[in-house]
Amino acid sequence: MGNTVAREDFEWVYTDQPHADRRKEILAKHPEIKALMKPDYNLIWVVVLMVLAQLTAFYLVKDLDWKWVVFWAYVFGSCISHSMTLAIHEISHNSAFGNSKAMWNRWFGIFANLPLGLPYSISFKRYHMDHHRYLGGDGIDVDIPTNFEGWFFCTRFRKFIWIVLQPFFYAIRPLCINPKPITRLEIINLMAQLIFDVAVYYLWGVKSMFYMLAGSVLGLGLHPISGHFIAEHYMFLKGHETYSYYGPLNLLTFNVGYHNEHHDFPNIPGKSLPLVKKIAAEYYDNLPQYNSWIKVLYDFVMDDTISPYSRMKRQLKGEVKQD
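In this text, all values refer to a predicted model and were calculated from it rather than measured experimentally.

J.: Looking at this structure, how should I read helix α2 (residues 42–61)?
T.: Turn by turn, an α-helix covers 3.6 residues, leaving residues three or four places apart pointing in a common direction. Between the first and last C-alpha of α2 there are 29 Å, a value that for 20 residues agrees with the 28 Å anticipated at 1.5 Å per step. Regarding α2, the residues found buried are Leu43, Ile44, Val47, Met50, Val51, Gln54, Ala57, Phe58 and Val61. When α2 is viewed along its axis, its buried side chains cluster within an angular range of 155 degrees and face the same direction. Residues of α2 that are exposed and point more than 90 degrees away from the buried face comprise Trp45, Leu49 and Leu60.

J.: Is there a simple way to think about the packing of α2 against helix α9 (residues 184–204) in this case?
T.: Packed helices, taken two at a time, are described by their axes: the angle between them and the distance between them. Packing of α2 against α9 leaves a shortest axis separation of 10 Å and a crossing angle of 35 degrees. Handedness of the crossing formed by α2 with α9: right-handed. Contacts from Leu55, Phe58 and Tyr59 in α2 reach Phe196, Val200 and Trp204 in α9. Residues belonging to the contact of α2 with α9 are distributed by class as follows: six nonpolar, no polar and no charged.

J.: Help me understand a nonpolar patch on the surface in this model?
T.: Taken together, Trp68, Phe71, Trp72, Tyr74, Val75, Phe76 and Leu218 make up a surface patch of nonpolar side chains, about 610 Å² in accessible area. Ranked by residues supplied to the nonpolar patch, first place goes to helix α3 (residues 66–92) with six residues. Mapped onto the fold, Val75 is located in helix α3. Judged by its relative accessible area of 41%, Val75 is partly exposed.

J.: Mind showing me how you'd approach the pattern of salt bridges here?
T.: Working definition: two side chains of opposite charge can pair if their charged atoms are close together. Inspection of every chain in the model, using the stated rule, returns 15 salt bridges. Between Arg22 and Asp264 there is a salt bridge, with the nearest N and O atoms lying 2.7 Å from each other. Pair noted here: Arg22 is in helix α1 (residues 19–29) and Asp264 is in helix α12 (residues 259–264), with a separation of 242 residues, a long-range link. The burial state of Arg22 is the same as that of Asp264; both residues are buried. With a closest N to O distance of 2.9 Å, Asp304 and Arg156 form a salt bridge. Of the two residues, Asp304 sits in the loop between α15 (293–302) and β4 (312–313) while Arg156 sits in helix α7 (residues 156–164), which places them 148 residues apart along the sequence. Through salt bridges with shared partners, one network takes in Asp130, Arg133 and Lys180.

J.: For this particular structure, what's the right way to read unusual backbone geometry?
T.: Glycine aside, the phi torsion of most residues is negative, and most peptide linkages are trans. Its identity as a non-glycine residue notwithstanding, Phe254 has a phi of 55 degrees, on the positive side. By the secondary structure assignment, Phe254 is in the loop between β2 (244–245) and α12. Accessibility expressed as a relative area gives 17% for Phe254, which makes it buried. One non-glycine residue, Asn255, adopts positive backbone phi at about 60 degrees. Of note, Asn255 is situated in the loop between β2 and α12.

J.: It is not clear to me how the environment of Ala73 should be interpreted in this structure. Could you clarify?
T.: Tracing the backbone through its elements, the reader meets Ala73 in helix α3. When its relative accessible area of 0% is taken as the criterion, Ala73 is described as buried. Along the primary structure Ala73 and Lys207 are separated by 134 residues, whereas in three dimensions their C-alpha atoms are 10 Å apart. If near-sequence neighbours (up to four positions away) are discounted, Ala73 is found in contact with Ser78, Tyr211, Ala214 and Gly215.

J.: Is there a simple way to think about the nonpolar core in this case?
T.: Nonpolar side chains in soluble globular proteins generally cluster together in the buried interior. Core analysis: the largest hydrophobic core is formed by 38 residues, its most contacted members being Val47, Met84, Trp162, Ile230 and Phe300. Taken together, the elements giving at least two residues each to this core come down to α2, α3, α4 (102–113), α7, α11 (227–231) and α15. Among the nonpolar cores identified, the runner-up in size contains 13 residues, and Leu27, Tyr246, Ile268 and Tyr283 belong to it.

Conventions adopted
Residues numbered from 1 in each chain as written. Predicted model: local features only at pLDDT ≥ 70, side-chain atom pairs only at ≥ 80, totals over all residues. Heavy atoms only, no water. Helix = DSSP H or I, 4+ residues; strand = E, 2+ residues; numbered from the N terminus. Expected span 1.5 Å × (residues − 1). Buried < 20%, exposed > 50% of the residue type's maximum accessible area, 1.4 Å probe, protein only. Arc of directions from axis to C-beta. Axes fitted to C-alpha atoms, helices over the stretch in contact; angles between N-to-C directions. Left-handed = near helix turned anticlockwise from the far one by under 90°. Contact = heavy atoms within 4.5 Å. Nonpolar A, V, L, I, M, F, W, Y, C, P; charged D, E, K, R; others polar. Patch = residues over 30% accessible without salt bridge, like charges linked within 9 Å, V, L, I, M, F, W, Y side chains within 5 Å. Areas by Shrake-Rupley, 256 points an atom, 1.4 Å probe, with all protein chains shown as cover. Salt bridge = Lys/Arg side-chain N within 4 Å of Asp/Glu carboxyl O. Core = buried A, V, L, I, M, F, W, Y, C linked by side-chain atoms within 4.5 Å.

Below is the structure:
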């Protein structure tokens, strides 16, 4: 339980991320993949149905005993909430309405954000684009843990606590690593969320509010779907920076598990990423991959050589452009 992991710093690398070069190679060999670079209009209806499902749940839990409110918040609400954060991830790539209607995607992201209870969509978009452009970039990519996280969460028990507290670290990390001035859209996102939260409390009371907020926190913490946070970029195998997951939970997460494919082609919606893998199988079949996010979480905690430090990190050179 008290074993300390061996790693004492990040894995510093002095090469560019592999995704841009692989994208060029694949497109030269399989130009038909360009046909997949188009919006997924079905995403709009899926998100609307998810919002309606949560509104229905808010109503249904308002008079339940607290034990059942907690139960449904974890069993159902957490799945919908985490799935909605990944719908927002899709929307941040303009997958709902396309690049020609970028603002439509921003407004739709604010709408999708509502049943999460906490404003998230607009800020996520700004930081997530940095993650793609400058993967592992020191002081830029806020998907990389802080030095404190790597230093402190260095035993099995502490790594377990770190997983439980993932929502907190994802919220606070941008303020520590790469704070940005607040934009008008972020203020609108905040105000829309406050109005929605007050309406939920006024209409259905404290149990519905608890269900909404607890579902978001629990869904992003100790939850099977949260295995994707670690599976995507934590270095279980030295020299490999991004990993794909091909298990059944992709059905709930807009195929975010196809993560090598996503970083190679961030402008292809999640719905089409399995086709990318099928067309360019020779590039993906032999890369390290997972079939269980639960096993990823277990291995992360129990493997004494893995910690929040197990990430590739780069010192960026030249001009850095951020949103």
